[in-house]
Amino acid sequence: SACCKCLMNLLHQSRPCVLVFTQSSAWKKHKSCGTSSLLPMTPKKPQQWLQVVGHAGSFHVGDYGTLLKRFCEGEQQCYLGLMEDVLKPFVPAYHGVVQRDEQNYNMMDNLLTHFNRPAIMDCKMGSRTYLEGELLVARERPQPRKDMYEKMVAVDPEAPTVQERAQQAVLKTRYMQWRETLSSTTSLGFRIEGFKKSNEECHTNFKRTKSREQVVEALDNFVDANKHIVWGYLRRLKKLRQILEASDFFRTHEVVGSSLLFLHDWTGRTGVWMIDFGKTEALPAHLTLDHRTPWVDGNREDGYLWGLDNLIDILTNMLPLT
């Protein structure tokens, strides 16, 4: 479903979809989630967003500095847990569920509110972006998929095996695992999904960005070679790593398909937050993860901290030795 895809939302849409909360608004509180009320929040001017990675219609911008994301129960449960965890400062504040036109939305802080025409980047974290449960389902009901074969040959005509070429179809499990090998997901534990610079220059073609050198080139473009911005991101990422290693939520969840959202603007302000928890799953009570151990089928490891280690190392090496 759309809510369980990693989504990147960007500013400056030519035809903005802006929804405003007023006294007579059609929005209403749907159910109590034990989170803070909207009323004490300072009203903010709604921002204009452009969604460039993900599904159209999954997001709306609300007033009072909020963002509305199509409801996903798994994501709701994650945010409720995160609001009670040491990771709370590193995720958007969650304000419960609202409803409009019979559609439910998770309501959270709009992270762009305190930035001035920011540059924005989405990095999908981890060494895989599919759940073990998805592999299991695909194996139990193996069905050769012509649509996935077509996607495969569109990227690499030589990728299908002789048998797959004869069938003009591939199994979903094979496609999911092949797709991850194209980018830096399997080689570095993260991949750049896309970014937009403050001048509205947009880059989303990173499916084949795999080597460390290619990633450095993309990151350098994103920050416009500004070392001050790199320093700001590094400080935030190192603090995030420290908190992740202490987090009960992180230790007890398989975090797959989640992203880090990077923001900076012309003032030098920088920020990084964890977003997109639609595919994050709680582990059985007896199991915890270190998020660095290589994944093998059945161990549930996601490589999140391994990817964060690599990202921190890459940014560190982009700075002068002094």
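None of the values given here were measured: they were computed from a predicted structure. (Residues numbered from 1 in each chain as written. Predicted model: local features only at pLDDT ≥ 70, side-chain atom pairs only at ≥ 80, totals over all residues. Heavy atoms only, no water.)

Some thoughts on the overall build of the protein chain
The criterion, for reference: Secondary structure counts use DSSP, requiring at least four H or I residues in a row for a helix and at least two E residues in a row for a strand, with both numbered from the N terminus. The rule is simple: take the accessible area with a 1.4 Å probe, protein chains only, and divide by the maximum for that residue type; under 20% is buried, over 50% is exposed, in between is partly exposed. Between two residues, a contact is recorded if the distance between any of their heavy atoms is within 4.5 Å. The accessible surface values rely on the Shrake-Rupley method and a 1.4 Å probe; as for residues, cover is taken only from the protein chains in view.
The number of helices and strands found in the protein chain is 10 helices and 14 strands. By residue count, 51% of the 322 residues in the protein chain fall in the buried class. For the protein chain, the share of sequence-separated contacts (at least 6 apart) that also reach a separation of at least 24 residues comes to 74%. With the model as given, the accessible surface of the protein chain reaches about 15400 Å², and the carbon-plus-sulfur share is 51%.

Regarding the environment of proline 284
As for its placement among the helices and strands, proline 284 is situated in the loop between β14 (281–282) and α10 (304–317). Taking the C-alpha atoms as reference points, proline 284 and histidine 253, separated by 31 residues in sequence, lie 9.0 Å from one another.

Here we look at the nonpolar core
Convention followed: We call a set of buried residues a nonpolar core when its members are Ala, Val, Leu, Ile, Met, Phe, Trp, Tyr or Cys and they connect through side-chain atoms within 4.5 Å of each other.
Ranked by internal contacts, the top residues of the largest apolar core, which has 52 residues, are Leu237, Leu260 and Phe262. Ranked by the residues each element gives to this core, the list is headed by helix α8 (residues 227–244), at 8 residues. Setting aside chain neighbours within four positions, we find leucine 260 in contact with Met121, Asp122, Cys123, Met125, Leu237, Leu240, Val272, Trp273, Met274, Tyr304, Leu308 and Leu311.

Quick word on the sheet that holds strand β9 (residues 190–196)
To keep things clear, this is the line we draw: DSSP bridges decide pairing: two strands pair if at least two such bridges lie between them. Interaxial angle, 0 to 180 degrees, is taken between N-to-C directions of lines fitted to C-alpha atoms, where a helix line uses only the stretch in contact.
Across the sheet, which stays open at both edges, the 5 strands sit in the order β10-β9-β8-β12-β13 with antiparallel pairing between neighbours. Two strands close off the open sheet at either side, each with one partner strand: β10 (202–203) and β13 (270–275). The sheet contact formed by strand β12 (residues 259–264) and β13 spans 6 bridges and is antiparallel. Looking at β13, one finds that histidine 264 is bridged to threonine 270. Across the face of the sheet, helix α7 (residues 212–222) comes into contact with β8 (119–125), β9, β10 and β12 while running at roughly 30° to β9.

Describing the packing of aromatic side chains
Going by this rule: Think of it this way: a Phe, Tyr or Trp ring, Trp meaning its six-membered ring, pairs with another when their centres are within 6.5 Å, and the plane angle makes it stacked under 30 degrees, edge-to-face over 60, tilted otherwise.
For the coordinates displayed, the defined rule picks out 10 aromatic pairs. For the pair tyrosine 79 and phenylalanine 277, a centre-to-centre distance of 5.4 Å together with 90° between the ring planes defines the contact as edge-to-face. Linking tyrosine 79 in helix α1 (residues 73–82) with phenylalanine 277 in the loop between β13 and β14, this pair joins segments that are 198 residues apart in sequence. Note on tyrosine 79: relative accessible area 1%, which makes it buried. Assessed through its relative accessible area of 1%, phenylalanine 277 is described here as buried.

Quick look at the pattern of salt bridges
Any two side chains of opposite charge can pair, on the condition that their charged atoms come close. Applicable threshold: Each reported salt bridge corresponds to a side-chain nitrogen of Lys or Arg within 4 Å of a carboxyl oxygen of Asp or Glu.
Scanning the entire structure with this criterion turns up 20 salt bridges. Between aspartate 297 and arginine 139 there is a salt bridge, with the nearest N and O atoms lying 2.5 Å from each other. Taken together, the residues span a long stretch of sequence, with aspartate 297 in the loop between β14 and α10 and arginine 139 in helix α2 (residues 132–140) at a distance of 158 residues. We classify aspartate 297 as partly exposed; its relative accessible area is 45%. Here arginine 292 ties to aspartate 309 by a salt bridge, and the two come within 2.6 Å at their closest N and O atoms. Taken as a pair, arginine 292 in the loop between β14 and α10 and aspartate 309 in helix α10 lie far apart in primary sequence, 17 residues in all. Salt bridges here are not isolated pairs; linked through shared partners, they connect Arg128, Glu254, Glu281 and Arg300.

What to know about the packing of α2 against helix α5 (residues 172–182)
This is how the line gets drawn: Polarity classes work like this: nonpolar for Ala, Val, Leu, Ile, Met, Phe, Trp, Tyr, Cys and Pro, charged for Asp, Glu, Lys and Arg, and polar for all others, with Gly in that last group.
Packing of α2 against α5 leaves a shortest axis separation of 8 Å and a crossing angle of 145°. When α2 is examined against α5, the residues Glu134, Leu135, Ala138 and Arg139 are found in contact with a partner set consisting of Lys172, Thr173, Met176 and Gln177. Looking at the contact of α2 with α5 residue by residue, the classes come out as 3 nonpolar, 2 polar and 3 charged.

So, the pairing of strand β7 (residues 103–109)
Burial of β7 is extensive: 5 of the 7 residues sit out of reach of the surface. Where strand β5 (residues 66–70) and β7 come together, 5 bridges link them in antiparallel fashion. Along β7, the bridge assignment pairs leucine 67 with methionine 108. As paired strands, strand β6 (residues 94–100) and β7 are joined by 5 bridges and run antiparallel to one another.

Let's talk about the side chain of serine 183
Inspection of the secondary structure puts serine 183 in the loop between α5 and α6 (184–188). By relative accessible area, serine 183 is classed as buried at 2%. Apart from the residues within four sequence positions on either side, serine 183 is in contact with Arg191, Phe206, Lys207, Thr209 and Lys210.

Some details on unusual backbone geometry
Phi at aspartate 224 is positive, roughly 55°, even though this residue is not glycine. Mapped onto the elements of the fold, aspartate 224 is located in the loop between α7 and α8. Residue aspartate 224 is classed as exposed on the basis of its relative accessible area of 52%.

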